[in-house]
Amino acid sequence: MSTPVQPSAASIGSVDAQRVEDALSLIAPKWTTWSAQTLAQQGHPMRVRDVAARLPFVSEQFVGKRLAQMHADGLVTRADDRHGAPYQLSAFGESLSPVHRALSDWSQTNLSLGGKVAGAERVEDAVRRLHLRHSTAVIQVLDAGGPMRFVHIAEEAGLDNGFTRQRLNRLQVDGLVARTGPRHGDPYVLTDAGRALGPVYAAVEHWSNPAATRKHLAPPAPVTAATRTHTGVPLGSDGIRTAAALRRSTAAPSALFSHAPQPQPRVPAVVTARSAPSRGR
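Heads up: these notes are all about the structure in this document. The model shown is predicted, which means the values in this text are computed figures rather than measured ones. (Residues numbered from 1 in each chain as written. Predicted model: local features only at pLDDT ≥ 70, side-chain atom pairs only at ≥ 80, totals over all residues. Heavy atoms only, no water.)

1. A short note on the overall build of the protein chain
Threshold: Going along the chain from the N terminus, every DSSP run of H or I of four or more residues is numbered as a helix, and every run of E of two or more is numbered as a strand. To sort residues, take the accessible area from a 1.4 Å probe on protein chains only and compare it with the maximum for the residue type: under 20% means buried, over 50% means exposed, and anything in between is partly exposed. Any two residues whose heavy atoms approach within 4.5 Å at even a single point are treated as in contact. Using a 1.4 Å probe, accessible areas were evaluated by the Shrake-Rupley method; residue-level cover was limited to the displayed protein chains.
The helix and strand inventory of the protein chain stands at 15 helices and four strands. Residues classed as buried in the protein chain amount to 46% of the 281 residues present. Of the contacts made within the protein chain by residues no fewer than 6 positions apart, 69% connect residues no fewer than 24 positions apart. Total accessible area computed for the protein chain in this model is approximately 13,300 Å², and 53% of it derives from carbon and sulfur atoms.

2. Notes on the nonpolar core
Put simply, the test is: In this description, a nonpolar core means a group of buried Ala, Val, Leu, Ile, Met, Phe, Trp, Tyr and Cys residues linked to one another through side-chain atoms lying within 4.5 Å.
Counting 59 residues, the largest nonpolar core has Ile 27, Leu 103, Trp 106, Leu 130 and Leu 142 as the members making the most contacts within it. Beyond its immediate sequence surroundings of up to four residues, Trp 106 is in contact with Leu 111, Ala 126, Arg 129, Leu 130, Leu 176, Ala 193, Ala 196, Leu 197 and Val 200.

3. Points about the environment of Asp 73
Assignment of secondary structure puts Asp 73 in the loop between α4 (60-72) and β1 (76-78). Under the relative-accessibility criterion, Asp 73 is labelled partly exposed at 25%. Each C-alpha atom of the pair Asp 73 and Ile 27 lies 9.4 Å from the other, and the pair is 46 residues apart in sequence. The residues contacting Asp 73, other than those within four sequence positions of it, are Leu 26 and Phe 92.

4. A look at the pattern of salt bridges
Operational definition: Note on definitions: salt bridges are taken to be side-chain nitrogens of Lys or Arg within 4 Å of carboxyl oxygens of Asp or Glu.
Under the defined criterion, the tally for this structure stands at 11 salt bridges. Here Arg 183 makes a salt bridge to Asp 186, at a shortest N to O gap of 3.2 Å. For Asp 186, a relative accessible area of 8% corresponds to the buried category. Shared partners join several salt bridges into a network, and the residues in it are Asp 125, Arg 128, Arg 129, Arg 170 and Asp 174.

5. Points about the packing of helix α1 (residues 17-27) against helix α8 (residues 135-145)
Where we set the bar: Axes here refer to lines fitted to C-alpha atoms; in helices the fit is confined to the stretch in contact. Angles between the N-to-C directions go from 0 to 180 degrees. Roughly parallel covers angles under 35 degrees, roughly antiparallel covers those over 145, roughly perpendicular covers 65 to 115, and oblique covers all other angles. Handedness of a helix crossing follows the sense of rotation of the near helix relative to the far helix, less than a right angle counterclockwise being left-handed and clockwise being right-handed. Charged means Asp, Glu, Lys or Arg here, nonpolar means Ala, Val, Leu, Ile, Met, Phe, Trp, Tyr, Cys or Pro, and polar covers whatever is left, Gly included.
Orientation of α1 relative to α8, taken along the N-to-C sense of each, is 140°, at an axis distance of 8 Å. Relative to α8, the element α1 lies oblique. α1 and α8 meet at a crossing whose hand is right-handed. Between α1 and α8, the contacting residues are Ala 17, Val 20 and Glu 21 on the first element and Ser 135, Thr 136, Ala 137 and Gln 140 on the second. Considering only residue class, the contact of α1 with α8 consists of three nonpolar, three polar and one charged.

Written out as structure tokens, the structure reads:
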């Protein structure tokens, strides 16, 4: 008897790119993963101020806006609409656990973020690299076609040349695509990190399917919420200082999301020395 194919075994080309990106857009906004993991760790409804107290460098007002958006997207629920009513993860939000695991494992294996990175920050960094519209389609084309010039990528993906160039430049910066040479027209290839995205895309697509999600709900993995350990950084800051402080945070991440970073090459060795992001559009 044949063994059913699990979501993690799916290839990059087998997923629905738009479904994947629509799902990623729900968890892409900054602090969404932190908020979801805090609610999962506590395991009971929480008021905005209580969630904010467990997040580093985020104002209570911003946490309120983020939870309100998560409510609109179906990731959290409220008992009623009274001011100050607590939030808790919905069944849809609880089922994010496999997605977070897939993103964390992919990042751990393929990305070198430098220093000790909190688990939720690693997940959010991974989503930031993947959620932009049509990035998945570009990666699928390169996965299927091997080294390709950008005009051929645009043709295969059905995208405008200028937009394709812009997207390729961003994917290069994010370590998912590399150019095989320094010249403007040299072909592009997927990096090791780009080629390893199959399990991530499969987990996201599976989560985005309401029927599959309801059938295969898993309890949220325990997480340890972060605390404000660097009071010198202004609340609400979301710039370079915040990112650096998060990576140095002494807050202990959960067992599921606490993989220690291991430096990995971001692009294949044969390509690294010759590749640089294009400055053209």
